[in-house]
Amino acid sequence: MSAGANRVEDAADAGHVTPAAGRTPAASTAQAWRVVVGFGVVSLAADMVYEGARSIYGPLLASLGASAVVVGLITGAGEAAALLLRLVSGPMADRTRRYWTLTIVGYGLTAVCVPLLAVTPILGGAGLAVAAVLILAERLGKAIRSPAKSALLADAASRVGMGRGVGVHKALDQVGAFAGPLLVAAVVAVTAGALWPGLAVLTVPAVVAMLLLITLRVRARTSPAERDASTTSGAEAKTGREPLPGRFHWFAAAMAVCTAGLVTFGLIGFHLVRAGVVATAAVPLMYATAMAAGGLAALVTGVLYDKAGPWVLVALPAMIAVVPPLAFGGGLSAAVFGVVVWGAAAGLQDSTVKAMVADLVPRERRATAYGIFAAVQGAGALAGGAAAGLLYDRSVPSLIIAVVLTQAVALLMLFGVLTRTRQHRREPT
């Protein structure tokens, strides 16, 4: 790779990219912020669509004749597909450089499939099968777009501060995750419990998301990742086929252990209702509170990441470790605080952690890295979710102890990664 390319890559690692010829740094920064905020607003609208729908997937499938086992299989298969198929879509994005195309196709599947769920109740016996296909197709859309979109976002965020840019995007994303279920719940309440109107109304944010995404694509200049595909020399292109750094794999493993210890909100809600801490109707409100906490945590930790460096991430294992004692071991006040910490940890995982991923790998391999990272986290979530359920049935203290021990391991692994990263940055280039 040329010395000039090395300087650009070094600047990207520091949170800045050399502006294009003829453009001032201020203009380059403003353009980058437009992309960051644009993607944030697109995610806001799209999250209203699929988070709103996911909030009633269970009741919808049950109304179509599904048993609890079938509901679990459909939704579980959907989540597995959304994570594991990124192992394919991530490398595909880096290999073809079709980042925008994959992003638009992925969002398009969500925008089409979710509103179509509104017609499944009138399809009779075929309704359940059609609903299953649409839910799986929507999750396929998530798998297709996520690595490519994350690479485009990271490229823009590197020009405004990686942590800050990703944090702002995540905060806007969380607004949609908060508003979508509330919108669906309000429509279902107004229509005396009918589910299809709540799904049909999601057509509006779906259309808005696609219009905003197309507008963003038209107004955004060609991304550096795509531009590099046509101007990179053969020697530089070879970099895209080199193995990802070992530090990335260790970081992915550490974050998988963190994810394994982060008990699901489903288990938290199950406990709060069974233990009589809150009424069933209050659980969605607590989830909304967690989403708000996640958005705030993304903003705060993103700024700290840019100012203090990746050591801010050592707070994640500690946050995860205190969730079970608070959520499962106390009264209402402790449970609310535990849910807030849970939301903050989830927000940090989906924002500042992704900023670290972008800084650990070459720019031309980011989509591949995001795909691998999501799959590893998915494996951690699957293993941790199963273990948490078994331990909870045995005894809450055993669950608390297990989470604390896993997070101690995660903290040691994270210290190792951060130490090696600091040493790597000090080495002369």
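Residues numbered from 1 in each chain as written. Predicted model: local features only at pLDDT ≥ 70, side-chain atom pairs only at ≥ 80, totals over all residues. Heavy atoms only, no water.

(A) Local environment of the pattern of salt bridges. Scanning the model with the defined rule gives 8 salt bridges in all. When the shortest N-O distance is used, the salt bridge between Lys170 and Asp350 registers 2.6 Å. Taken together, the residues Lys170 in helix α8 (residues 162-190) and Asp350 in the loop between α17 (332-349) and α18 (352-360) connect sequence positions 180 residues apart. By relative accessible area, which is 7% here, Lys170 ends up buried. The exposure class of Asp350 is partly exposed, given its relative accessible area of 30%. Salt-bridge contacts for Asp350 lead to Lys354; the nearest nitrogen and oxygen are separated by 3.0 Å. (Salt bridge = Lys/Arg side-chain N within 4 Å of Asp/Glu carboxyl O. Helix = DSSP H or I, 4+ residues; strand = E, 2+ residues; numbered from the N terminus. Buried < 20%, exposed > 50% of the residue type's maximum accessible area, 1.4 Å probe, protein only.)

(B) Focus on empty space enclosed by the protein. For the coordinates displayed, the defined rule picks out 1 cavity of 30 Å³ or more. Space inside the largest cavity adds up to approximately 30 Å³. In terms of lining, the largest cavity is formed by Ala46, Val49, Tyr107, Thr110, Ala111, Ala206 and Ala209. Taken together, the elements giving at least two residues each to the lining of the largest cavity come down to α2 (25-54), α6 (99-116) and α10 (203-219). The element best represented in the lining of the largest cavity is α6, accounting for 3 residues. Within the lining of the largest cavity, the residues separate by chemical class into 6 nonpolar, 1 polar and no charged. (1 Å grid on protein atoms, 1.4 Å probe; cavity = no way out; pocket = protein on both sides within 12 Å on 5 of 7 lines; lining within 4 Å. Points joined across faces, edges and corners; volume = space filled by probe spheres on them. Nonpolar A, V, L, I, M, F, W, Y, C, P; charged D, E, K, R; others polar.)

(C) Examining the confidence of the model for the protein chain more closely. Summing up the model confidence of the protein chain, the mean pLDDT is 83 and the portion of residues at 70 or higher is 86%. Of all helices and strands in the protein chain, the one with the weakest mean pLDDT is helix α1 (residues 3-13) (36), whereas α6 scores best (95). With pLDDT under 50 throughout, residues 222-240 is counted as low confidence; its partners more than four residues away or in other chains account for 24 contacts. (pLDDT = per-residue confidence, 0-100. Contact = heavy atoms within 4.5 Å.)

(D) Structural view of the nonpolar core. Ranked by internal contacts, the top residues of the largest apolar core, which has 59 residues, are Phe251, Met255 and Ile268. What Ile268 contacts, discounting residues up to four positions off in sequence, is Val263, Val323, Ala327, Phe328, Val339 and Trp342. Counting residues in each nonpolar core, the second largest holds 53 residues, with Leu61, Ala111, Leu117 and Leu152 among its members. (Core = buried A, V, L, I, M, F, W, Y, C linked by side-chain atoms within 4.5 Å.)

(E) Spatial organisation of the packing of aromatic side chains. Across all of its chains, the model carries 5 aromatic pairs by this definition. A centroid spacing of 5.7 Å and a plane angle of 50° characterise the contact between Phe328 and Tyr392, whose relative ring orientation is tilted. Of the two residues, Phe328 sits in helix α16 (residues 315-329) while Tyr392 sits in helix α19 (residues 366-394), which places them 64 residues apart along the sequence. Among the residues examined, Phe328 registers a relative accessible area of 6% and is labelled buried. Feature note: the residues Phe248, Phe251 and Phe373 constitute an aromatic cluster, connected by ring pairs. Across from the ring centre of Tyr50, 5.2 Å away, lies the NZ or CZ of Arg139, which sits over that ring. Here the basic side chain of Arg145 rests over the ring of Tyr107, its NZ or CZ set 4.4 Å away from the ring centre. (Phe/Tyr/Trp six-rings, centres within 6.5 Å; stacked < 30°, edge-to-face > 60°. Lys NZ or Arg CZ within 6 Å of the ring centre and 35° of its normal.)

(F) Molecular detail of α10. An ideal rise of 1.5 Å per residue puts 24 Å on 17 residues; α10 measures up with 24 Å between its terminal C-alpha atoms. Restricting attention to buried positions, one finds in α10 the residues Pro205, Ala206, Ala209, Met210, Leu213 and Leu216. Across the axial projection of α10, the buried residues extend over an arc of 135°, all falling on one side. The exposed residues of α10 that point more than 90 degrees off its buried face are Val204, Leu211, Val218 and Arg219. (Expected span 1.5 Å × (residues − 1). Arc of directions from axis to C-beta.)

(G) Examining the environment of Thr259 more closely. Take Thr259: it is sitting in helix α13 (residues 246-261). Here the alpha-carbon distance between Thr259 and Ala345, two residues 86 residues apart in the chain, equals 9.7 Å. A polar contact of 2.8 Å, which involves the side chain of Thr259, links it to the backbone oxygen of Met255. (Polar contact = N/O pair within 3.5 Å; in protein donor to acceptor, adjacent residues only side chain to side chain.)

(H) Quick look at the side chain of Asp173. Its location among the elements puts Asp173 in helix α8. Its relative accessible area of 8% is what places Asp173 among the buried residues. In this view, Asp173 contacts Gly40, Ser43, Leu44 and Asp47; residues no more than four positions away in its chain are not counted.

(I) Structural context of unusual backbone geometry. Unlike most non-glycine residues, Arg97 shows phi in positive territory, near 60°. Owing to a relative accessible area of 18%, Arg97 belongs among the buried residues under this scheme.

(J) Just the environment of Ala137, in detail. Structurally, Ala137 can be placed in helix α7 (residues 127-157). In this structure, the C-alpha to C-alpha distance between Ala137 and Gly78, residues 59 residues apart in sequence, is 8.2 Å. Beyond its immediate stretch of four places on either side in the chain, Ala137 contacts Leu109 and Cys113.

(K) Expanded view of the packing of helix α5 (residues 86-96) against α7. Across the interface, α5 lies against α7 with an axial gap of 8 Å and an inter-helix angle of 40°. In terms of orientation, α5 lies oblique with respect to α7. Note that α5 runs across α7; the crossing there is right-handed. Across the interface between the two elements, Arg86, Ser89, Gly90 and Ala93 of α5 pack against Lys142, Ala143, Ile144, Ser146, Pro147 and Ala148 of α7. For the contact of α5 with α7, a count of residues per class yields 5 nonpolar, 3 polar and 2 charged. (Axes fitted to C-alpha atoms, helices over the stretch in contact; angles between N-to-C directions. Parallel < 35°, antiparallel > 145°, perpendicular 65-115°, else oblique. Left-handed = near helix turned anticlockwise from the far one by under 90°.)

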